[in-house]
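Overview (structure and organization)
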Amino acid sequence: MKKASILFVWWFIGMMTVQAQLVRTADMVVHDPVLMEEKGVYYLFSTGNGISVWSSTDMEHWKPEAPVFDQAPQWAVDTIPNFKGHIWAPDIYYHEGTYYLYYSVSAFGKNTSAIGVVTNRTLDPSSSEFHWVDHGRVIQSYPDVTNWNAIDANIIDDDQGKAYMSFGSFWDGLKLIRLQDDRLSVAEDIATMPTIASRKKNSDDPNPPAIDDNPVDAGGNAIEAPFIFKKGDYYYLFASIDYCCKGIRSTYKMIVGRAKTVEGPYLDETGRDMAQGGGKILLAGDQRWHGVGHNAVVTIAAEDYLIFHGYDAEDGGKPKLRIERLDWGPEGWPEVKH
């Protein structure tokens, strides 16, 4: 066999091996996904041991990458009882040449929780500059002390370049706080943080009771996973309501409101404040997808995309990656384009 033919055979075998390692979007089992593009490569981060990472050149075929952490961060081990390294709800954010990856550690169903942050100069694992540096705790919540839960962080800059972190799950709802200029710690008093979204119509109302097998500590104020996205003159607050993490019994759905400033108030299309039970339904489950939520929004080549997970009733209720185009209606409200 000629040398050129031998080289082609080895190239073909190599390509088949690479293809065998790739996973199509429709088959991706992920939870709480976020997406960032760098130099034509898309990097997806999601809940998992050490934070799960995938890369793709087309947003359709994904290659598994090494997790962000090869062992549990020591500060998190010291903070969360029985923590073994399963890290929740990452959020990827870019500022002045640095990627910031915020992440959550928690005892499930309790607000024994904290948000940490790790940074990198690049997302490309093959780069000589690739190195995750952990900066530890940004904010922490405590049972019977804070009536909020420090998970599900999302970072947004306002028009003056100040960074804000929205976060929260159940308890009193979703919170907002300004960060220091270095984006590594909070710049405001955590005792006076506003609630920007809740399922309660009045802030003084007690939480509705937990349902089914949900931990009673959190109550039934089922809202979490904030994501703030600037479009035109508005900041849009996306959030997930009702219940995740139950496979085909999941009832997750996404809501949205908007405000002229990051601080809010975020109102729905009828003028209801999201802090008092408002929120326009963006997407709910259907016959196949029994619960859809924990979304991010990203702009790629001038198109906006909704990144989220749904529980696939055709595959045992596994959480699968969903990527859908977002259009914006005549009144400026986001709409999922199927």
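Before reading on, note that the structure itself is shown above.
Let me begin by describing the structure that accompanies this report. (Residues numbered from 1 in each chain as written. Predicted model: local features only at pLDDT ≥ 70, side-chain atom pairs only at ≥ 80, totals over all residues. Heavy atoms only, no water.)

1. Re the pairing of strand β20 (residues 303–312)
Look at any regular strand and the pattern is simple: side chains alternate between the two faces of the sheet. Our working definition: Any residue under 20% of the maximum accessible area for its type is buried, any over 50% is exposed, and the rest in between are partly exposed; the area is computed with a 1.4 Å probe on protein chains only. In this text, helices come from DSSP runs of H or I with a minimum length of four residues, and strands from runs of E with a minimum of two, each type numbered from the N-terminal end. In this analysis, strands are considered paired if DSSP registers two or more bridges between them.
Across the 10 residues of β20, nine count as buried, placing the element largely inside the fold. Bridge analysis of strand β19 (residues 289–300) against β20 gives eight bridges, and the strand direction is antiparallel. From the neighbouring strand, threonine 299 faces β20, where its bridge partner is aspartate 304. Counting the residues that bridge the hairpin from β19 to β20 gives two residues, and of these alanine 301 lies at a positive phi of roughly 50 degrees. Note: β20 against strand β21 (residues 318–328), nine bridges, orientation antiparallel.

2. Examining the sheet that holds strand β11 (residues 154–157)
Note the threshold: Axes, fitted as lines to C-alpha atoms, cover a helix only where it is in contact. Angles between the N-to-C directions of the axes lie from 0 to 180 degrees.
Pairing is antiparallel across the open sheet formed by four strands, whose spatial order is β11-β12-β13-β14. Looking at which strands have only one partner, the edges of the open sheet turn out to be β11 and β14 (195–197). Direction aside, neighbouring strands of the sheet carry axes that sit 35 degrees apart on average. With two bridges connecting them, strand β13 (residues 174–178) and β14 associate as antiparallel partners. Its bridge partner lying in β14, leucine 174 is registered against alanine 197.

3. Notes on the side chain of serine 166
Note that serine 166 resides in strand β12 (residues 163–167). You can call serine 166 buried: its relative accessible area is 0%.

4. Observations concerning the sheet that holds β19
In any sheet, the strands associate via hydrogen bonds between backbone groups, in a parallel or an antiparallel arrangement. Strand order across the open sheet formed by four strands is β19-β20-β21-β22, with antiparallel pairing between neighbours. Looking at which strands have only one partner, the edges of the open sheet turn out to be β19 and β22 (334–337). On average, adjacent strands in this sheet sit at an angle of 35 degrees to one another, irrespective of strand direction. By the bridge criterion, four bridges tie β21 to β22 in an arrangement that is antiparallel. Across the sheet, tryptophan 328 pairs through a bridge with proline 334, a residue of β22.

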